Structures are given as structure tokens and as C-alpha cells.
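Here is how the chains run, residue by residue.
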Amino acid sequence: MALINRILNALILVLALVALVFGVMLYQKRQNLRAHSDELAQGVEKIVKRLAPGSELAKRATYDDGKGNLGFDNVENLNTITADIEKHAEAVVAQRDTLGQTVASLANEFDMMAEPVQPETLVNLDTYAEKTQEISASVEAVKARNLAMAAKLTELGRDLGVEVQAAELVSTDPAVYNAALNRLGDKLNELNQINDQYSTAITTVVDKLGAERMEVQASQFKDPKQAEQALTTFANNLEKIRTSLDSVDVMEGRIDSLETERDRLADSLGISKENVIRLTNRVEQLELQNADLLTQKPDNTAPVESQPRTEILEGRIVDVNYDWGYVVINIGQSDNLTNNISMTVGRDREYIGNVLVTKVFNDYAVAEIVPEMQQGMVLEGDNVYWLGEEAALSTPPVGGSVTPRPDEENGMLSAPPTEGDEPSEDTGTGGSAPINLDFGF
Amino acid sequence: MLSSKATFMINLVSLLFFLAVIALQMLEVQKYTGSYFGFFQ
């Protein structure tokens, strides 16, 4: 029995030592767990403060050296506070998911990305950073594009004469940027209308002037690629037309002067015709008077030896009719001018030709132009001379010689002979000496 | 002095007590570590 007791005592001693060792180790293990719990509580406190800073939950979820709701002294509140933290964490997760979906939706809606953005890539911690960087880069590119467009629109507005500020165009206020865009749009519409009017006008001009002459087609002005070349060709051809119009103006001026000259000649012709009529009537009256006188005069028809006339007649051509080939001179019967006298026409010191007096009136006479003697155009104002019968028989006119016509009446010459003929001696006056002519031109 | 039988009974009770203490310690450490012998982990 004593032996058994001794064995039991030894066994009890061993068990006591084991229990002591296990107790110490168990204490250390609990200490470790306590420290772990404290660290977790402090970590939870930090997380809550990060997730919900300044919130009621952050004020409640405190460690406070083990005395707070997360401390080891308030185990009874731990479940409540952890439940609240879990709810808040779920709300934060839901917020994250919503933000991810919203950002992905915005990125896809604005078509900023090369490929559609999946919301999972934004809520996944492994991929969200890269994806957000891509979205940020795309947003920056869109922003740069926005600024560039605003700057370009501002420059365009300045060119068009519309005051548009870039700040207005990049404003997020729709009223502001819409007002600026409307100003630009109104100006563009106005210019477009003017452009249409110009195009219509040019098309009309081309149609009127002819596409072949202008070397352009009206449809080319409506094509921006061909409009510039067409306008250049159009301008060149317009310059040619303008030059032609200048020539037309000159020609019109010349036509006006010719028409004035024609009217003046027509008036002269009218006067001449009136004179011819008047002279013709006068001739008829004189012929009647002559007939009466012949019936009343005594028989004195014995031939009287005629004497050559020696007076000099000088007059001036007052009218010329080229169609009928006669002239009117301002001397007549009162100046002793008689019919069939060949008078010399001269201008200054130039011999023009001869005219044959056919009708003599009191103070003027009508004479035919002798074509074969004509060396120039007989004009109004030219001088006419008759130097007497002897001179006419013996002296050629200026620039030619004179040959008396055999059918002359009263020994007077009606027309000079052609140039180079010799004066005839059988005219009855051939013995007269030639006299020196001095027309006094 | 106690009799041998009484000493034996006391020793037996002491032995059972320490066995119970060790068993409780092993149950406690099993809760912390998941093992009855988690003292050595």
C-alpha cells in the first residue's frame, strides 16, 4: 500500500508539473491572442475612420486602449459594432460598384475608349488602376480636342467677323456655349445665303454670256474642288470681255461721230434737193420769160460778131451733191455768169477740177462736175474761177491743159480737155496770146 | 498519521484533480489553436 501511495505521489507530482507548464503556455497563448485582438481592433478602427470619416459609426468604432466598443472590455457591444461596420462596408462596396458601372457607362457613352469598358474591370482591384488611367487619358484627349475645337471656332469666328470667345465655347453652361454657337451659325447661314446668291448670279452670268465663251460650266461653281479654277477662268474671260467692251465704247463713239456727220450730210442733201427744186422752178419760169421775150423782140437775128469775154469770174462752192455730180456756186446772172462756162475749181493753191455751168440763176448757179478733169474731191468752200474766154482757150488749168470743145456755144468752154492735149487753133480765138494765170490762192 | 488507505484516497483524488486540470487546459488550447496539443504551436 505504501508503495502504491508513493507511486501515486510521484505521478501527482508529474501531473502537477505538466499542469503548471501547460498553464504557463496557455497564458502565453492567450496573451498572443489578446495582442492579436487588440491589433485587429485598432485596424478596424482605422478602416472605419477611413471608410466613414466623421460619421457616427467612426465615433462609435473606437479601440481606446481596450475600453472602446472594439476593446476587449466591451465584448458585448462587439457584435453590434461589427454588424454596423459590415453594413457600412457593404454600402461602400455598393457605392464602388455603382461608380464603376457609371464610369464605364460614361466612357462607353462618350465613345472615348478604343474598346468598350467593362464595369468589372473598374471594381476589380487588379485592373481598376490601369483602366482608370486609360479613361483619364481618354478624357484628357477629349478635353484637348474640345479646347482645340474651341480655339479653331474662335479663329473661324474672328475670320468671319463674329466675336466668339474660347471660354464661352468650353463653358459647361448650355446657355453660354449655345449663344456663342448660335452667333457662329447665324453668320455661317448668312454667308451661305450670300454664297448661294453669288453662285446664282455667276451661274446666270455664265448662262447669259455662254458657257463656251466663258470656258466654264455653271455646275463647276457648285463643286468646291473646281470652283477656284472656274472662278479664275471666269475672271480672265470677264477681263477679256471688259477689254472688248472698251473697244465697243470706242467704236460707239466713232459711230456717234459718223452718225453726226451723216446727219449733217443728210441735212445738206435735203438743202441741196430743195435748192434743185427751187432752181428747177426758177429755170422753168425763166424759160417761159425767155420765150415771151423771144416773141416780143425785133428781128435782129443778124449774126453779130461775138467778142471774147475777158472778165474774170470768181465764186465759191456753197453746196456739193456727189450723187448727182453737181455743185452750187454763189455767183449767177447778176455776176455775168452764163451757161456752159467751164470753171476751174481750186483749194488754196491746189487744182481740184473743173465744173460746167448748166443752170444760171440771178445770184447763184448750178454746175456739173467734169469727172475726167477731177483731180480731187470737190468740197464746199472750194473756189471757182473763170478767167475769160481767151484764158480758157489758151491756158490749161493748174495741173493740166485745156482743150476747147467743138460744140461750145458762144465760144465758151464747157469742159476742159484731158491732160496733155494741145490747144486747138481753129476755135476762132487761136491767135490770142496766153495769159499768165494767177488764181490768187 | 493517516492510514495508508486514507493516504491512498487522497493521492487518488489529487491525481484525478491534476488530470482534470490538464484536460481543461487541453480543451482551452484546442479552442485557440484547433489542436489539443496547440501549446507547442
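Residues numbered from 1 in each chain as written. Chains lettered and ligands numbered in written order. Predicted model: local features only at pLDDT ≥ 70, side-chain atom pairs only at ≥ 80, totals over all residues.

Draft legend 1. Structural view of the overall build of chain B. A tally of regular secondary structure across chain B gives one helix and zero strands. Each of the 41 residues in chain B was classed as buried or not, and the buried ones make up 7%. (Helix = DSSP H or I, 4+ residues; strand = E, 2+ residues; numbered from the N terminus. Buried ≥ 20, exposed ≤ 12 C-beta atoms within 10 Å, placed from the backbone.)

Draft legend 2. Fine view of the overall build of chain A. Helix and strand counts for chain A come out as 10 helices and six strands. Across the 441 residues in chain A, those meeting the buried criterion constitute 20%. A separation of at least 24 residues holds for 48% of the contacts in chain A among residues at least 6 apart in sequence. (Contact = placed C-beta atoms within 7 Å.)

Draft legend 3. Up close: the pairing of strand β3 (residues 342-347) of chain A. Residues and elements named next belong to chain A. Among the six residues in β3, five count as buried, and that is most of the element. Relative to strand β4 (residues 350-360), β3 runs antiparallel, the two sharing six bridges. Directly across from R347, in β4, lies its bridge partner E350. Connecting β3 to the next strand, β4, in antiparallel fashion are two residues, including D348 with a positive phi near 55 degrees. Summarising the sheet, β3 and strand β6 (residues 383-386) pair through three bridges and their orientation is antiparallel. Bridge assignment links T344 to a residue of β6, and that residue is Y385. (Pairing = 2+ DSSP bridges.)

Draft legend 4. Main features of the interface of chain A and chain B. At the junction of the two partners, chain A supplies 18 residues and chain B supplies 16 residues. Taken together, the residues of the side of chain A that touches chain B sort by class into 14 nonpolar, three polar and one charged. (Nonpolar A, V, L, I, M, F, W, Y, C, P; charged D, E, K, R; others polar.)

Draft legend 5. Region of the structure containing the packing of helix α1 (residues 2-51) of chain A against helix α1 (residues 4-33) of chain B. Packing of α1(A) against α1(B) leaves a shortest axis separation of 8 Å and a crossing angle of 20 degrees. The pairing of α1(A) with α1(B) is recorded here as roughly parallel in orientation. Between α1(A) and α1(B) lies a crossing whose hand is left-handed. Considering only residue class, the contact of α1(A) with α1(B) consists of 21 nonpolar, eight polar and two charged. (Axes fitted to C-alpha atoms, helices over the stretch in contact; angles between N-to-C directions. Parallel < 35°, antiparallel > 145°, perpendicular 65-115°, else oblique. Left-handed = near helix turned anticlockwise from the far one by under 90°.)

Draft legend 6. Focus on helix α9 (residues 224-296) of chain A. Residue and element names in this part refer to chain A. Under the 1.5 Å per step criterion, the end-to-end length of α9 is 103 Å for 73 residues, consistent within 8% with the ideal 108 Å. Little of α9 sits out of view: just three of its 73 residues are buried. For α9, the complete set of buried residues consists of A230, F234 and S272. (Expected span 1.5 Å × (residues − 1).)

Draft legend 7. Region of the structure containing unusual backbone geometry. Residue and element names in this part refer to chain A. Its identity is not glycine, yet D65 carries a phi of approximately 55 degrees, on the positive side. Positive phi, close to 70 degrees, is recorded for N336, a residue that is not glycine. C-beta crowding within 10 Å serves as the criterion here: with 13 such atoms nearby, N336 is assigned to the partly exposed category.

Draft legend 8. Molecular detail of the sheet that holds β4(A). All names here are of chain A. The sheet built from six strands closes into a barrel, its strands ordered β1-β2-β5-β4-β3-β6 with antiparallel pairing. The average angle at which neighbouring strand axes cross in this sheet is 40 degrees, direction not considered. Relative to strand β1 (residues 313-321), α9 is tilted by about 120 degrees, and along the sheet it contacts β1, β2 (326-329), β4 and β5 (365-369).

Draft legend 9. Structural context of the packing of α1(A) against helix α3 (residues 75-109) of chain A. Residue and element names in this part refer to chain A. In the contact formed by α1 and α3, the axes pass within 11 Å of each other and the chain directions differ by 40 degrees. Relative to α3, the element α1 lies oblique. α1 and α3 meet at a crossing whose hand is left-handed. On α3, the residues touching V44, V48 and L51 of α1 are I85, H88, A89 and V92. The residue inventory of the contact of α1 with α3, partitioned by class, reads six nonpolar, one polar and no charged.

Draft legend 10. Main features of the nonpolar core. Residue and element names in this part refer to chain A. Counting residues in each nonpolar core, the largest one holds 26 residues, and the members touching the most others are V327, I329, M343, V355, V357, A365 and A367. Looking at which element gives the most residues to this core, the answer is β4, with five residues. Not counting residues up to four positions away in its chain, the partners in contact with A367 are Y326, V327, I329, M343, V355, L356, V357 and T358. (Core = buried A, V, L, I, M, F, W, Y, C linked by C-beta atoms within 7 Å.)

Draft legend 11. Representation of the environment of R282(A). Counting through the fold element by element, R282(A) comes out in helix α9. Classification of R282(A) by C-beta neighbours within 10 Å gives partly exposed; the count is 16.

Draft legend 12. A look at the pairing of β1(A). Residues and elements named next belong to chain A. Two strands pair when backbone bridges link them, and β1 and β6 are joined in this way by four bridges, in the antiparallel orientation. Considered in β6, the bridge of L313 is made with W386. Two elements, β1 and β2, share four bridges in a ladder whose sense is antiparallel. If you follow D319 over to β2, its bridge partner there is V328. Between β1 and β2, which pair antiparallel in sequence order, lie four residues; one of them, G325, sits at a positive phi of approximately 70 degrees.

Draft legend 13. Layout of the environment of N79(A). All names here are of chain A. Among the structural elements, N79 can be located in helix α3. C-beta crowding within 10 Å serves as the criterion here: with 9 such atoms nearby, N79 is assigned to the exposed category. Distance in space between the C-alpha atoms of N79 and N69 is 9.6 Å, their sequence separation being 10 residues.

Draft legend 14. A look at α1(B). Here α1(B) is 30 residues long and its end C-alpha atoms lie 43 Å apart, about the 44 Å a rise of 1.5 Å per residue gives. Two residues or fewer past α1(B), G34(B) is found with a positive phi of approximately 85 degrees.

Draft legend 15. How the structure looks around the confidence of the model for chain B. When the pLDDT values of chain B are averaged, the result is 90; 100% of them are 70 or greater. What the predictor reports for the complex is a pTM of 0.44 with an ipTM of 0.91. (pLDDT = per-residue confidence, 0-100.)

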